[in-house]
Amino acid sequence: MAENKNLKLYEERLNRIVKAMQLEEPDRVPLIPPEEGYWVAAYAGYSVADVTYDYSLLAAAWEKAFTDFPEWDAAYAPFCVWSGPMFEFAGITQFALAGKDGAAQKMHQWKQVSCMSEDEYDELIADPYKFLLEKILPRRCKELGKPYPRNAMAFGKAFQEFLSWLGYWGAKGAEWKEKFGMPVLAGGFTEAPIDFLMDHLRGFKEFSLDLRKLPKETIIRACEALLPYMIKWATTGTRPALFPPIFIPLHFAPFISPDCFKEFYWPTFKKLVDSLVELGYGVIIYCESNWTPHLAYLKELPKGKVIAEFETIDMKEAKKLIGDTVCLMGNLPYELLVYGTKEKIEDYTKKLIDEAAPGGGFIMSADKIFGENVNPKCMRYWCEAVVKYGQY
Amino acid sequence: MEELTKAIVELENEKVTKMVKDELVKGTAVEEIVEKCRQGMEIVGQKFSKGEYFLPELIMAGEIFNSIIEIIRPVLAEAKTNTVGKIVLATVQNDIHDIGKNVFKGFAEANGFDVHDLGVDVDPETIVNTIKNEKPDIVGLSCLLTSAFDSIENTIAKIKEAGVRDQVKIIIGGAPVSEELKDWSGADAATRSAAEGVQLCKELLKK
Ligand code: B12
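Keep in mind that what you see is a predicted model, and the values were worked out from it rather than measured. (Residues numbered from 1 in each chain as written. Chains lettered and ligands numbered in written order. Predicted model: local features only at pLDDT ≥ 70, side-chain atom pairs only at ≥ 80, totals over all residues. Heavy atoms only, no water.)

### Concerning the environment of Gln167 of chain B
Residues and elements named next belong to chain B. Under the convention used in this document: Strands are runs of DSSP state E lasting at least 2 residues, helices are runs of H or I lasting at least 4, and numbering of each runs from the N terminus. Here's how the labels work: a residue is buried when its accessible area is under 20% of the maximum for its type, exposed when over 50%, partly exposed in between, all with a 1.4 Å probe on protein chains only. The contact rule is simple, with two residues in contact once any of their heavy atoms fall within 4.5 Å.
With respect to the element layout, Gln167 can be found in the loop between helix 7 (149–161) and strand 4 (169–173). Residue Gln167 is classed as partly exposed on the basis of its relative accessible area, which comes to 49%. Discounting residues that sit within four places of it in the chain, Gln167 has contacts with Pro136 and Asp137.

### Some words on the domain arrangement of chain B
Residue and element names in this part refer to chain B. As a reminder of what qualifies: All the domain ranges listed were derived from an automatic or database domain assignment. Reported buried area values correspond to the accessible surface (1.4 Å probe) lost by two parts on association, with both partners' losses combined. Within this document, salt bridges are pairs made up of a side-chain nitrogen of Lys or Arg and a carboxyl oxygen of Asp or Glu, the two lying within 4 Å of each other.
The domain architecture assigned to chain B consists of domain 1 (1–79) and domain 2 (81–207). Each side of the interface is counted separately: domain 1 has 13 residues, and domain 2 has 13 residues. Here domain 1 packs against domain 2, burying approximately 1100 Å² in sum over the two surfaces, 68% of which is carbon and sulfur. Of all residues in domain 1, Arg38, Met41 and Leu58 give up the largest surface area on contact with domain 2, accounting jointly for 42% of the area buried on that side. The tally of links between domain 1 and domain 2 comes to one salt bridge.

### Regarding the sheet that holds strand 4 of chain B
Residue and element names in this part refer to chain B. Put simply, the test is: Note: two strands are recorded as paired if DSSP finds a minimum of 2 bridges between them. Whenever a helix is involved, its axis is fitted only over the stretch in contact; in every case the axis is a line through C-alpha atoms, and angles between N-to-C directions fall within 0 to 180 degrees.
Taken together, the five strands give an open sheet; going across it, the order is 2-1-3-4-5, and neighbouring strands pair in parallel fashion. Whereas interior strands pair on both sides, the edge strands pair on one side only; in this sheet they are strand 2 (113–117) and strand 5 (189–191). On average, adjacent strands in this sheet sit at an angle of 25 degrees to one another, irrespective of strand direction. Helix 5 (residues 99–110) contacts strand 1 (85–91), strand 2 and strand 3 (138–142) of the sheet and is inclined by roughly 150 degrees relative to strand 2.

### Some remarks on the site of the ligand
The condition is simple: One heavy atom within 4 Å of a molecule or strand is enough for the residue carrying it to be called near that molecule or strand. Polar contact criterion, stated in full: a pair of N or O atoms within 3.5 Å, where within protein one must be able to donate a hydrogen and the other to accept it, and residues adjacent in sequence count only if both atoms are side-chain atoms. Residues are grouped as follows: Ala, Val, Leu, Ile, Met, Phe, Trp, Tyr, Cys and Pro are nonpolar; Asp, Glu, Lys and Arg are charged; all remaining types, including Gly, are polar.
Of all residues adjacent to the ligand, which total 46 residues, the nearest are Glu36, Trp110 and Ile369 of chain A together with His97 and Thr146 of chain B. Residue neighbours of the ligand fall on chains A and B, so the site bridges chains. Measuring from a nitrogen atom of the ligand, one finds a backbone N or O atom of Ile369 of chain A at 2.7 Å. At 3.0 Å, a backbone N or O of Ala194 of chain B approaches an oxygen atom of the ligand. Within the residue set of the shell around the ligand, elements represented by two or more residues are strand 2 (109–110), helix 9 (193–202) and strand 5 (283–290) of chain A together with helix 5, strand 3, strand 4 and helix 9 (194–206) of chain B. Here the shell around the ligand takes four residues from helix 5 of chain B, the largest share from any one element. For the shell around the ligand, the class distribution of residues is 21 nonpolar, 17 polar and eight charged.

### Things to note about the interface of chain B and chain A
How big an interface is tends to be stated in terms of the accessible area lost upon association of its parts. With 29 residues of chain B at the contact, the number on the chain A side is 32 residues. When the area that chain B buries against chain A is broken down by residue, the three leading residues are Phe54, Ile96 and Ile99 of chain B, summing to 21%. In this assembly, chain B and chain A are joined by four salt bridges. For the salt bridge of Glu57 of chain B with Arg212 of chain A, the shortest nitrogen-to-oxygen distance reads 3.2 Å. The interface formed by chain B and chain A includes 13 residue pairs in polar contact (both at pLDDT 80 or more). Within the residue set of the side of chain B that touches chain A, elements represented by two or more residues are helix 4 (55–76), helix 7 and helix 8 (179–185) of chain B. For the side of chain B that touches chain A, the leading source of residues is helix 4 of chain B, giving six residues.

### So, the packing of aromatic side chains
All names here are of chain A. Heads up, the condition is: The rule is short: rings of Phe, Tyr and Trp, with Trp giving its six-membered ring, pair when the centres are within 6.5 Å, and they are stacked under 30 degrees, edge-to-face over 60, tilted in between. Sitting over a ring, as applied to charges here, requires NZ of Lys or CZ of Arg to be within 6 Å of the ring centre and within 35 degrees of the ring normal.
With the rule as written, the count across this model stands at 45 aromatic pairs over all chains. Both rings, one in Phe79 and one in Trp169, keep their centres 6.0 Å apart while their planes meet at 40 degrees; by these two values the pair is tilted. Of this pair, Phe79 sits in the loop between helix 4 (55–68) and helix 5 (84–90) while Trp169 sits in helix 8 (residues 150–180), placing them 90 residues apart in sequence. An angle of 75 degrees between the planes, with centres 6.2 Å apart, marks the rings of Phe196 and Trp233 as edge-to-face. In this pair, Phe196 sits in helix 9 while Trp233 sits in helix 11 (residues 216–235), placing the two residues 37 residues apart along the sequence. We classify Phe196 as buried; its relative accessible area is 12%. Its relative accessible area of 40% is what places Trp233 among the partly exposed residues. Above the ring of Tyr10, the side-chain terminus of Lys177 is found at 4.8 Å from the ring centroid. Lys351 extends its terminal NZ or CZ atom over the ring of Tyr348, reaching a point 4.9 Å from the ring centre.

Here's what the structure looks like:
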């Protein structure tokens with residue numbers, strides 16, 4: 001009986017999201033807070049270190065949030081606090097794990113360093129797989145850089161942990177459907193080729209200079225060489241479906257000029273999205289920072305298959321420009337959920353709904369991934385405001 | 001516009017290097033060279049604010065300015081370069097991100113500020129002590145994550161407690177800062193852009 005009720009709830013939530021993705025009007029505006037585990041952990045009284053090492057604590061934290069905030073329509077990306085044991089087996093050195101590495105207490109932190117040099121582009125282009133496996137991984141993970149067989153043993157352990165971590169969350173997803181009627185939004189992950197190059201290989205400053213110093217061909221060829229791997233990253237172990245979509249956080253675009261974007265960023269990024277859609281996947285792109293300069297490009301993406309989530313953007317403008325192509329999401333300012341009053345939260349929620357919801361194709365969310373300091377009271381006001389103003 | 005200023009605005013790295021060396025050989029005063037470069041950097045900042053230049057251009061300009069300083073460093077010590085003001089800069093406690101902070105630093109220096117950089121994950125006490133010792137005009141606090149909100153609040157609270165709040169202006173910068181955070185923490189200015197940050201610092205000096 002209870003299970004039936006939950007399955008019905010699941011269908012209801014799923015419908016709401018899928019209709020929005022297909023640019024139709026659901027019964028009400030879906031609400032999916034950009035939560036990756038950091039906030040639910042704090043809300044349930046755990047530290048990030050606790051939940052990074054004990055997955056069951058993180059699952060319990062999510063379940064508390066599902067119970068207290070039944071207005072949520074999906075768990076955004078439940079396991080993006082990653083796996084502490086996996087990182088430790090590999091001996092990661094460039095990710096400061098919360099609770100383990102000094103300054104990082106409330107969120108894991110990326111050390112902004114470069115681990116590929118300017119003159120290694122040719123090697124990357126010639127054989128990305130070999131280069132990543134043999135050069136980059138050992139530089140980023142000290143255990144994987146040790147002589148054989150220690151590196152192989154470390155790799156084996158880390159990979160084993162990776163699989164059991166994936167398995168754990170796969171099973172949780174199924175359990176949450178039955179017990180809470182709660183869908184999980186992120187079905188898989190990947191990155192735009194150029195973002196992978198910037199984020200994980202060259203680094204922000206170094207790559208910025210590469211764009212000005214290196215021959216254009218070098219950058220373009222590197223992105224093209226990475227593209228098949230970015231597609232594979234998304235499709236490995238996932239099932240093609242509109243829902244749950246593949247999650248693609250986008251990083252470098254807002255920081256570069258429209259010319260640069262057109263030449264270096266867009267071509268391989270568009271190919272990535274098109275390929276995934278052709279294979280039968282839905283996609284959620286997270287346009288982090290401010291995408292205003294490049295907004296119109298998104299009109300070229302496949303219709304009704306893509307959620308475009310925004311940090312800073314004029315939603316009214318976005319609705320006008322690309323609202324008939326992608327489902328809009330995001331933008332409620334984080335600080336409102338920390339310092340905001342009931343009235344301010346209601347006002348902004350209503351404003352977003354007025355601007356972006358008419359005709360469908362809109363999912364309510366906030367501008368930044370939640371950290372520990374989102375105020376539960378503000379979360380409550382927000383949930384109620386969505387229910388109050390979000391009915392179609 | 002002066003040739004050297006123009007070359008900087010156009011981000012012609014090699015040309016700039018050669019011109020600076022030529023000027024030195026010609027015996028041009030270091031102050032004058034630096035001034036021309038500063039003018040160029042100021043225009044780069046304006047272009048960034050207008051959306052004509054983006055972050056790679058700003059970073060490139062910072063690199064060019066650094067290489068100019070390297071060239072003239074031997075003679076710089078004797079020259080009396082007049083700074084417009086002194087900034088103590090830090091990424092606040094519990095945050096280790098420094099790319100944004102460093103971009104701001106380079107840009108502030110190129111605009112004539114003397115910047116005392118305390119690095120990342122800097123605790124409030126260190127910042128308070130540095131204010132007492134260095135007597136800056138401005139304190140710049142950087143962060144990349146919202147988790148650093150309370151570090152910003154704490155730091156400013158400690159500055160108040162120590163009784164030195166009146167001696168400095170405080171600017172907060174980084175992707176998650178907002179007017180709300182500014183008001184809540186009691187800072188004087190907030191920005192998500194390095195170029196605007198330098199502009200705000202100049203205005204703060206006048207207050
Ligand atoms: C690139 C990026 C990454 C890359 C970093 C790669 C690299 N090589 O550095 C990778 C993929 C590793 C990454 C990982 C993660 N990220 Co991230 N990332 C970003 C992104 C898109 C850009 C950050 C950046 O490098 N900016 C470039 C610098 C130059 O900009 P800046 O620091 O803002 O500085 C500028 C101004 O702010 C100003 N400024 C800076 N300091 C100061 C100081 C003063 C005094 C002044 C005046 C001005 C000033 O000047 C600079 C130039 O204009 C941001 C989105 C965003 N809005 O910024 C998210 C973002 C920071 N990431 C986020 C998250 C959640 C994460 C992860 C936790 C994700 C995860 N689950 O694993 C991890 C780990 C956290 C971390 N970043 O350390 C969130 C943080 C949310 C929050 N609550 O705080 C953000 C905000 C995205 C979002 N919208 O939610 N990330």
